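Here's the letter readout for the chains.
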Amino acid sequence: MTHPVHRRNILQATAAGSVALAINDVRVGLATSTPPTGWIDAHVHVWTPDTKRYPLSPKYKPSDMVPASFTPDELLAHAKPAGVSKIVLIQMSFYEFDNRYMLDCIQNYPGTFSGVGIVNHDDLALRDTMRSLGKRGVKGFRLYTDKQSAENWERSTGIKTMWEEAADSGQVMCLLANPDALPAVHKMCQRYPRTRVVIDHFARIGLSGTIHPTELDELCRLSKFENVFVKVSAFYALGQKKEPYLDLAPMIRRLKEVYGPERLMWATDCPYQVQNEHTYSASLTLIKDKLDFLSDRDKNWMLRDTAEKVFFAN
């Protein structure tokens, strides 16, 4: 398995260049706010400083955990005041294939969390592992998706098993994809049209500071597959990387036009969204209050209904 690049390097790159998509053709301002309740944050990581009970992968050491702690209680202190009642936990790379901490969080906070796990696709009992985790609240599985790894998927028996089993079980393939991996993702979606796929963080378009129209075109091209969804998330890491994140409005509008709000879901990517000058409320407010090309119906789908359908429905 291709090992992930450290999260802090992936999503906290220094901005470079100017944003290529102008916002002067997008009506951005204070729109009618939807009621602040019942929202779902579709992408959050949690971890604990208790590394004796929950040991880290050999690839990591405690000093890699920044912040040193981000437990469910610390997360909910941000989420509950914002009206968020459900959250999708994404298995943290610190633990690699050991999903126990995430599973314990799901069990200890009934009705609050669902999970996206990480499994070893070379596991000889891969189908059984996926099904077993599904019974414990794991609705999807994360793949780190750079160009090289995605192009190798068609030659990987384990990856093909994951996509086939996910289609059969109703679980989701959740891709932390780079823009240059999207053509290979397109091929996989053609090959496995029944498999639901979620693209994290706009496929990290704008990580360098520039939103390249050709990359956005590739992401939009995936919209022809009815089982592909996109997370509108990680605002702190994309474009100008500054609240109120209005430079991301053209990209959000384009995705809404091609995917529809029913296949878009908002997420924060905490704890990274609540570091330095960034805040939880600013992430939510961009979708809830700042984009008047979104109707109340659009907001309800993006802030709740899409994630409910994908990650919480039985």
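These numbers come from a predicted model, not from an experiment.

J.: How would you summarise the sheet that holds strand 3 (residues 113-117) if you had to cite specific residues and measurements?
T.: The eight strands lie next to each other as 1-2-3-4-5-6-7-8, forming an open sheet whose pairing is parallel. Each end of this open sheet is capped by a strand with a single partner; those strands are strand 1 (39-44) and strand 8 (264-266). Neighbour to neighbour, the strand axes of the sheet diverge by 25 degrees on average, direction disregarded. Sheet topology note: the strand 7 (residues 228-232)/strand 8 ladder contains three bridges and is parallel. Its bridge partner lying in strand 8, Lys 231 is registered against Met 265. Sitting on the sheet, helix 2 (residues 72-79) is in contact with strand 1, strand 2 (84-90) and strand 3, with an inclination near 135 degrees to strand 2.

J.: Describe the confidence of the model for the protein, with residues and values.
T.: A residue-level look at the protein finds 89% of positions with pLDDT of 70 or above and a mean pLDDT of 91. Across the protein, strand 8 holds the top mean pLDDT of 99, while helix 1 (residues 7-11) sits lowest at 45. Within the model, pLDDT remains below 50 along residues 1-35, and this stretch shows 107 contacts once partners closer than five positions in the same chain are excluded.

J.: Which residues make up empty space enclosed by the protein, and what values do they have?
T.: Going through the model one piece at a time under the given rule, you end up with two cavities of 30 Å³ or more. Considered as a void within the structure, the second largest cavity measures approximately 40 Å³ in volume. As for the second largest cavity, its lining consists of Val 46, Leu 89, Ile 90, Gln 91, Met 92, Tyr 95, Tyr 101 and Met 102. Every element with two or more residues in the lining of the second largest cavity is listed here: strand 2 and helix 3 (100-108).

Cut-offs used in this document
Residues numbered from 1 in each chain as written. Predicted model: local features only at pLDDT ≥ 70, side-chain atom pairs only at ≥ 80, totals over all residues. Heavy atoms only, no water. Pairing = 2+ DSSP bridges. Helix = DSSP H or I, 4+ residues; strand = E, 2+ residues; numbered from the N terminus. Axes fitted to C-alpha atoms, helices over the stretch in contact; angles between N-to-C directions. Contact = heavy atoms within 4.5 Å. pLDDT = per-residue confidence, 0-100. 1 Å grid on protein atoms, 1.4 Å probe; cavity = no way out; pocket = protein on both sides within 12 Å on 5 of 7 lines; lining within 4 Å. Points joined across faces, edges and corners; volume = space filled by probe spheres on them.

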